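If you want the building blocks of each chain, they are given just below.
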Amino acid sequence: MTTNVFPSRPARVRSFSPGAALRLLWIEIKRNAMPWALPILAALFCYDTYRTASGSPPIWTVRASLVTSKMVFDFAAFAGGLAAWTGSREGRRRTGDLLATTVRHALTRQLAALGATLLWVLAAFLAAVAALYIETARAVTWGGAPLWPVFVGVTAVTMLSVLGFVAGALFPGRFTAPLVAICAGLLPIIGSHNLQAPTRNTHVLLTLNVSLQPYDWGVFHHVLPDVSIAQVMFMGGIAVAAIGLLALAPVLRLPVGSSAAGSAGSAAAGMGWWLRVTSAVVLVAGVATSCTAYYLAGTAKQTQIGWEIPALHDAANDRPVPYTPDCTSVSGFRVCMHPAFGEYLGGVAVALGPAGAEIAGLPGAPVRASQVATPLGPPYYSGPGLSGAPPVYQFTAYLDWVSPAGMDSVQSRAALQGQFFDTFLGGPSYAQTGNLDPAQQAVSNALLTAIGTSPSFANFGGFSTPRVTAAASRFAALPSSARHAWLLSHLAALRAGHVTLAELP
Amino acid sequence: MTAAEVRTPPAVPARTGSRGPSGVRLAWLHLRSRRVPAGVLALAVCAAALRAALHWHWSFNAGPYSQQIPMIIEAGAAAAIGVTTHGPFGEAERATGRWLPWLRLGAALALTGLAIAALQLGVTGASLNGGILQMARNVIGITGIGLLCSLVTGGLLAWTLPMGYMAFCQYALLEAWRAPWTWPVRPPTDRGAWIAACVVFAVGLLAFALRGARTRLTDDNA
């Protein structure tokens, strides 16, 4: 008997098939748990990010900062938790040994599952960013959409998803997903708190959250991208390293998708050398990138326009952003503001116009008012001031502008007028300390009363004692010409702090 | 096969012991099938995390921001309780276990009490803003949300709604909302907040005890 013996041919495993990979990815997209969380995420976005944005000034940088300060926190727990849920699937169902017999490497399945989770997370995140940016574009009057907050946000949720997936794959269990979700929720808050601590070191700049910035951040100068670049490097490096660790798990005898170390070993045996080398390179590259970013963050220093990392800094970003100010006059007093704050120009002019007219003609009185940038670096004094010849009153954007009533409220108007008079009367000592002496306070209150504003809304320079109030009432009761004449002759002494309450007429 | 074989009475299962110990054994098996021992460990981790947060000042000491981290950890403890609602036996257990509602009720109640005790133990000697009253109210209310969520998503995903509620309350905390249903942001002695939290817990506990968590996993549907 003769038999035809055909030479056995090992089954050929194609290294990569785009069609099969796409089919696998599609299956994972369809069965992913992330769609269950979309209604919750949508509700969180509407209440947290969208409502906060609606109450913020219509400035691109201010509203775009919500992407990292609000949206990342809202997405963190779900991106990390549901990725951990997906990653723990094989271990939870104890199908590791069964799936070890499949042709393709376990990493193929895991990357497909991770890719599907990332697609859902990033699609939801980018849809939310789009909604936020469309709403912002309808409200702003100047500037363009900043993209760095989006890059940082995308990197953050990607990192959280990858870390969650790897945690789920390495430690499959029913408690892994909620514990990962809690950790993902804690990280931004701890980072945010450390960033605001007085003894902070600059490494905390790498955390997910950002501290509250002035409302004119990114308006007069570009927002420096240095910290954003370091954040993307740091978080992206962690994500890449985590993928490398996941790929190397069988080699390291970590029980991925199986309860038996033996199957991890058999999986390692089926792992080609090229995959081992590639995984090791990915792991090392990710760690190196994160370490580099950590080192760079340690070299950050704060300047007048933001955090600067020398190795990443582009001097071109230091140049001011050119703009043509919006100006208007009320009662003959000219007020100019950055066009980004054009919405507030009318209210500010209505507040400062009568105040400017009240002191017009006095020596050193400002001839106009102009908005300037809030300094970010030392000495951290952001109050208004007088500069130039003829003097110009320089003021910065501040919180009252975005109060519910905005510049139309009595309080906001009084605050602006009070600061105007305090700056004019306080002289150099007020510029340094922010305090008025009793006579200066009384005159400031009297001038406020003269233009029809209650001083109780606008006491910035100090508390009004009964003696100050009495002196202010006395001075305010004088005819306008008498007040003006007294100020003409005594202004220098008053600003130098040489006038007492008793000497006020 | 003979008729004698047919007439042979079926073997009576041997009793394993007296009624008392068998009840204890049933309860223990129920708890083990729900991974309650691991859940207790998860609660201990939450307590340790709260202790670490207070010890190393991960958050602010006063003001609304001081509640952020305790709230997350309390929601985590509630989520861990929610996850223990998943049982591996499904319909078969429901069809045969007449004590099941009582076992569910007892397990959920015991774990909630244990969570409060563990978190209180974790903050002993440290200053928790709001004190044990606020912490207990948060755990009770958010656990109720987790139990309700388990009816819809199944026990394994019962952590999602507590996490969503926690994230929403972070916003409500900073916006100083006053509605009773945002009880984590209300003062410890706020009556409306207590009523809201207790009602949610009672409804969740009752519904879970009667119906049990959904037995099919969410991603088994595909």
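This is a predicted model, so every value here is computed, not measured.

A. Representation of the overall build of chain B in the model. Counting secondary structure elements, chain B contains 9 helices and 0 strands. Shown N-terminal to C-terminal, the secondary structure of chain B runs as helices and strands in the order α-α-α-α-α-α-α-α-α. Buried residues in chain B amount to 45% of all 222 residues. Counting contacts in chain B only where the partners sit at least 6 residues apart, residues at least 24 apart contribute 78% of the total.

B. How the structure looks around the environment of Ala-351 of chain A. All names here are of chain A. Note that Ala-351 resides in helix H13 (residues 342-358). Overall, the presence of 26 C-beta atoms within 10 Å leaves Ala-351 in the buried class. Along the sequence, Ala-351 and Ile-451 sit 100 residues apart, while their C-alpha atoms lie 9.9 Å from each other.

C. Molecular detail of the confidence of the model for chain A. Residue and element names in this part refer to chain A. When pLDDT is averaged along chain A, the result is 82, and 85% of the positions lie at 70 or above. The secondary structure element of chain A with the lowest average pLDDT is helix H11 (residues 261-269), at 49, and the one with the highest is helix H8 (residues 148-170), at 94. Across residues 5-11, confidence stays below pLDDT 50; counting only partners more than four residues off in sequence or on other chains, it has 0 contacts. Low pLDDT, under 50, characterises residues 258-266; the predicted model gives this stretch 19 contacts beyond four residues in sequence or across chains.

D. Representation of the interface of chain A and chain B in the model. Between chain A and chain B, the residue contacts involve 26 residues of the former and 29 residues of the latter. Mapped onto the side of chain A that touches chain B, the elements with two or more residues apiece are helix H1 (18-31), helix H2 (34-54), helix H4 (66-87) and helix H9 (176-196) of chain A. The biggest single contributor to the side of chain A that touches chain B is H9 of chain A, with 10 residues. Grouping the constituent residues of the side of chain A that touches chain B by class yields 18 nonpolar, 3 polar and 5 charged.

E. Highlighting the sheet that holds strand S3 (residues 326-330) of chain A. Residue and element names in this part refer to chain A. Spatially, S3-S4-S5-S7-S6 is the arrangement adopted by the 5 strands of the open sheet, whose pairing is mixed. Lying at the two open borders of the sheet, with one neighbouring strand each, are S3 and strand S6 (385-387). In this sheet, neighbouring strand axes are inclined to one another by 25° on average, regardless of whether the strands run parallel or antiparallel. In this fold H13 packs onto S3, strand S4 (333-337) and strand S5 (368-371), with an angle of close to 150° to the strand it touches most, S4. Contacting S6 and strand S7 (392-395), helix H14 (residues 410-433) crosses the sheet at an angle of about 80° to S6.

F. Structural view of the packing of helix H7 (residues 106-139) of chain A against H8 of chain A. Residue and element names in this part refer to chain A. Contact geometry for H7 and H8: axes closest at 10 Å, N-to-C directions at 150°. Viewed along their axes, H7 and H8 adopt a mutual orientation that is roughly antiparallel. Pair H7 / H8 crosses with right-handed handedness. Listed contacts from H8 to Gln-110, Leu-114, Thr-117, Leu-118, Val-121, Leu-122, Phe-125 and Val-129 of H7 are Val-150, Gly-153, Val-154, Val-157, Thr-158, Ser-161, Val-162, Phe-165 and Ala-169. When its residues are assigned to classes, the contact of H7 with H8 shows 12 nonpolar, 5 polar and no charged.

G. Region of interest: helix H7 (residues 131-153) of chain B. Compared with an ideal rise of 1.5 Å per residue, which puts 23 residues at 33 Å, H7 of chain B spans 32 Å between its outermost C-alpha atoms and is within 8% of the ideal. Gly-154 of chain B sits one or two positions beyond H7 of chain B and adopts a positive phi of about 90°.

H. Region of the structure containing unusual backbone geometry. Residues and elements named next belong to chain B. Located in the positive-phi region is Arg-35, a residue other than glycine, with phi close to 55°. Assignment of secondary structure puts Arg-35 in the loop between helix H2 (19-33) and helix H3 (36-55). Exposure remark for Arg-35: the 21 C-beta atoms within 10 Å place this residue in the buried category. Although it is not a glycine, Ala-176 adopts a positive phi angle of roughly 55°. With respect to the helices and strands, Ala-176 occurs in the loop between helix H8 (160-174) and helix H9 (191-211).

I. Molecular detail of the domain arrangement of chain A. Residues and elements named next belong to chain A. We note that the domain assignment places domain 1 (18-318) and domain 2 (326-503) within chain A. Taken together, the contact between domain 1 and domain 2 spans 19 residues of the former and 14 residues of the latter. Grouping the amino acids of the side of domain 1 that touches domain 2 by side-chain chemistry returns 9 nonpolar, 9 polar and 1 charged.

J. Main features of the pairing of S5 of chain A. Residue and element names in this part refer to chain A. A one-sided burial pattern is seen for S5, the buried positions being Ala-369 and Gln-371 and the unburied ones Arg-368 and Ser-370. Assessed by its sense of winding, the connection that carries the chain from S4 through H13 to S5 is left-handed. Relative to S7, S5 runs parallel, the two being bridged by 4 bridges. Pairing of Gln-371 across the sheet is with Phe-395, part of S7.

Reading the values: the criteria
- Residues numbered from 1 in each chain as written.
- Chains lettered and ligands numbered in written order.
- Predicted model: local features only at pLDDT ≥ 70, side-chain atom pairs only at ≥ 80, totals over all residues.
- Helix = DSSP H or I, 4+ residues; strand = E, 2+ residues; numbered from the N terminus.
- Buried ≥ 20, exposed ≤ 12 C-beta atoms within 10 Å, placed from the backbone.
- Contact = placed C-beta atoms within 7 Å.
- pLDDT = per-residue confidence, 0-100.
- Nonpolar A, V, L, I, M, F, W, Y, C, P; charged D, E, K, R; others polar.
- Pairing = 2+ DSSP bridges.
- Axes fitted to C-alpha atoms, helices over the stretch in contact; angles between N-to-C directions.
- Parallel < 35°, antiparallel > 145°, perpendicular 65-115°, else oblique.
- Left-handed = near helix turned anticlockwise from the far one by under 90°.
- Expected span 1.5 Å × (residues − 1).
- Domains from an automatic or database assignment.
- Right-handed = clockwise from strand over helix to strand, strands pointing away.

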